[in-house]
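# Fold and geometry: a report
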Amino acid sequence: MKYTRPRGTHDITPLEIARWQRVEHTFQRAFERYGYRGIRTPIFESTDLFVRAVGAQSDIVTKEMYTFTDRGGRSLTLRPENTASVIRAYLENGMHRWGGIQRLCYEGPMFRYDRPQAGRYRQFHQVGAEAIGSASPALDVEIIQLVVEALRELGFTSVDVRVNSVGTEASRVRYRQVLLDAIESRRADLTEDALARYRHNPLRIFDAKEYSAAFKEQLPRISDYLVDDDRVHFDGVQNMLASVAVPFTHDVQLVRGLDYYTRTVFEVYGGERSAQSALCGGGRYDTLVAECGGPDTPAIGMSAGLERIVEALPATSRTPEEVGPHYYVVCAGADAEARALQAARILREFGSVELDVSGRSVKTQLEAAGKKKARVAVVVDAAGPEVAYHDLAARTDAKVGFAALREFALQSKK
Ligand code: AMP
C-alpha cells in the first residue's frame, strides 16, 4: 500500500458508522430536549485565541497544538478544543446582545498532538455544549444532567460523575500559596520545567501523571480554601444534583488542564469499560467571555469524546441491526442502465434504492440483493415492457408493466 493515515488518526468505515451516528443522534436529541441550538465554527483559528483562552502554560498550548503559518504569514492553529472558538463566535456575532442565556451545542473534529494510545488520538471528535449568561448553579446541574441522560440512553448503566470546585480567583489566591508551599517543600523531586509550570498554576500538579494519588492525597485541598460565595455555589451544585437524582462524588483532586475554569469542574465516566479515561469533561468559565473582550458573562460548558464513548458502548447497544436497502435494482446488461435509473427514481419515492451497475450477471446481482438484505429486487432489461418484481421478504414474484411500477410499489408498501 502506498499511503497510510497519519499517526494518531483513524478512519470510520461503514461497518462502524451506525454506532457513531447513534451516539451523535443521542446527544443531538438530548441537546434539543434541553433547548441547546447548534453552532459551527472554523476548524482553525488564530493561534492567539487558544494561547489566551486555554492558557499559555497548559499542556495543550505548550505541547499539543497543530500550529502553522499560512501563506499570508498568519499563525493559525487547528482547534484543540471548541470552547474558545464558540466564545469568539458568540462575541463576533453579537450574541451577547441577544439577551438571556445562550445555549449552544456543537460537534466536530478536534486536534491535539498527543501520544496516541487507547482512547487518545491526534484527531478526535467531540460533541459539546456551552451555556452562556448565567452564574446559577442550576445551569451547572442542567449540563451535567444532560450528559448523564444521554449516556444512560446509550446503555451506560453506571454513569459516574465526579465534581469539584476550583473556585474563583479570590479562593485561588489563598489556596495557590498554600499549595505552592507544599510543592516547594518537595522541590527536590521536581524538574525545573515542572516547577515553572506549577509556579504559574500549582493546581496542575493534580493532573501530573508522574505523581501517585497517595502523594496528591497529602496536598492541601482547594475545597478547604473556597471563599464564601464559591462555597455557596458549590453547595448549590451538590444539593441540586442530589435533588434531580444524579449520583456524583466530590473528587477533591479534580482540577482539569485548561486555565479558563472557575468554580465547578466535572468529569463523567461510563462505568467499568471506561474506568480509565473520562468520557466527558467540563466546567464553568465565568471570566473567559470578558477575557476575550466581551462583557462580564458567566458560562459553563462540557464536551464528550466520541471515540471514547463509541469504544466503551455497552454490549447492549453495540450491534445496531443491519438494515439493507429497501429495493435492489438489477440491470440486465449495460443497455438496461438508463431504464434502471428511471426505475430507481420511481422506487426512491417509497424507500432506499441500491442500483447495481456492476455489469455482473443477473443471477449474481440477485444473489447480491439477498446478501445485502434488500426487501425487494427489481430486474430491469433494456427493451421489455415489464420489470420482474421479486419481493424477497414475502417470497413472491410478479411481472409489472414499467408504466405501472409506481402504483405497484405504492400498493405493495401499504
Ligand atoms: P478535554 O477537552 O480535555 O476536557 O476533553 C474532553 C473529552 O474529550 C474527554 O473526556 C475525552 O472524552 C475527549 N478527549 C480529549 N482528548 C482526547 C484525545 N486526545 N483523544 C480522544 N478523545 C479525547
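Residues numbered from 1 in each chain as written. Predicted model: local features only at pLDDT ≥ 70, side-chain atom pairs only at ≥ 80, totals over all residues. Heavy atoms only, no water.

## Notes on the domain arrangement of the protein
Here is the rule: Bear in mind that the domain bounds are from an automatic or database domain assignment.
Splitting the protein by domain gives domain 1 (17-168 + 227-317) and domain 2 (327-413). Centre-to-centre separation of domain 1 and domain 2, based on C-alpha positions: 48 Å.

## Focus on the pairing of strand E12 (residues 327-332)
Our working definition: Relative accessible area decides the class of each residue, using a 1.4 Å probe on protein chains only: under 20% of the type maximum gives buried, over 50% gives exposed, and in between gives partly exposed. For helices the rule is a DSSP run of H or I covering at least 4 residues; for strands it is a run of E covering at least 2, with both sets numbered from the N terminus onward. Here the rule is simple: two strands pair whenever DSSP picks up at least two bridges between them. By definition, the crossover connecting two strands over a helix is right-handed if that path, from the first strand to the second, turns clockwise as seen with the strands pointing away from the viewer.
Of all 6 residues that make up E12, 5 are buried, and the element is covered over most of its length. As defined by bridge partners, E12 adjoins strand E13 (residues 353-356) across 4 bridges and the pair is classed as parallel. Bridged to Val329 within E13 is Leu355. In this region the chain leaves E12, passes through helix H12 (residues 337-347) and returns to the parallel neighbour E13; the handedness of that crossover is right-handed. Pairing analysis gives 6 bridges linking E12 to strand E14 (residues 376-381), with the strands arranged parallel. Counterpart to Ala332 in the pairing with E14 is Asp381.

## Some points on the site of the ligand
Inclusion rule: For this description, a residue counts as near a given molecule or strand if any of its non-hydrogen atoms is within 4 Å of it. Pairs of N or O atoms within 3.5 Å make up the polar contacts considered here, provided that, within protein, one atom can donate a hydrogen while the other can accept it, and that residues adjacent in sequence are counted only when both atoms are side-chain atoms.
If you check the shell around the ligand, you find 15 residues, and the closest are Arg112, Tyr121, Gln126, Arg256 and Leu279. In the model, an oxygen atom of the ligand is placed 3.1 Å from a nitrogen or oxygen of the Ala278 main chain. At a separation of 3.1 Å, an oxygen atom of the ligand approaches a polar backbone atom of Gly305. Listed by contribution, the elements that provide at least two residues to the shell around the ligand are strand E6 (123-132), strand E10 (280-284) and strand E11 (299-305).

## Considering the packing of aromatic side chains
Selection criterion: Put simply, two rings from Phe, Tyr or Trp (the six-membered ring, in Trp's case) pair if the centres are within 6.5 Å, and we call them stacked under 30 degrees between planes, edge-to-face over 60, tilted for the rest. Placement of a positive charge over a ring is assigned whenever Lys NZ or Arg CZ falls within 6 Å of the ring centre and within 35 degrees of the normal to the ring plane.
Tallied over the full model, the rule gives 8 aromatic pairs. Summarising the aromatic geometry, the rings of Tyr260 and Tyr261 are spaced 4.9 Å apart at their centres and angled 65° between planes, so their arrangement reads as edge-to-face. Given the relative accessible area of 4%, Tyr260 is considered buried. Ring pairing ties together the aromatic residues Phe27, Phe31 and Tyr36, which thus form one cluster. Looking at Arg122, its charged tip hangs above the ring of Tyr113, at a distance of 3.8 Å from the centre.

## Things to note about the nonpolar core
Soluble globular proteins tend to bury their nonpolar side chains together. For clarity, the cut-off: Among buried residues, the Ala, Val, Leu, Ile, Met, Phe, Trp, Tyr and Cys ones that are joined through side-chain atoms within 4.5 Å form a nonpolar core. Only heavy atoms enter the contact rule, under which two residues are in contact if any of them lie within 4.5 Å.
Phe27 and Ile309 are the most contacted members of the largest nonpolar core, which has 89 residues in total. Examining the composition of this core, we find that 9 residues originate from one element, helix H5 (residues 137-153), more than from any other. Each residue touching Phe27, except ones within four places of it in the same chain, is listed here: Val127, Ala150, Leu151, Leu154, Met302, Ala304 and Ile309. Grouped together as the second largest cluster of nonpolar side chains are 19 residues, Cys331, Ala343, Phe350 and Val376 included.

## Considering unusual backbone geometry
Excluding glycine, most residues fall at negative phi; most peptide bonds, likewise, are trans. The phi torsion at Arg263 lies on the positive side, around 55°, for a residue other than glycine. If you trace the backbone, Arg263 turns up in strand E9 (residues 262-269). Overall, Arg263 belongs to the buried group, its relative accessible area being 13%.

## Some points on the sheet that holds strand E2 (residues 44-46)
The criterion, for reference: Note on method: axes are straight lines fitted to C-alpha atoms, helices fitted across the in-contact stretch only, with angles between N-to-C directions ranging 0 to 180 degrees.
One open sheet holds the 3 strands; their spatial order is E2-E4-E3, and the pairing between them is antiparallel. Sheet topology places E2 and strand E3 (66-69) at the edges, where each strand pairs with a single neighbour. Within this sheet the neighbouring strands show an average axis-to-axis angle of 35°, counted without direction. Across 3 bridges, the pairing between E2 and strand E4 (residues 75-78) is antiparallel. Counted as the bridge partner of Phe44 is Leu78 from E4. The strands touched by helix H2 (residues 47-54) are E2, E3 and E4; relative to E2, the strand with the most contacts, the crossing angle is about 80°.

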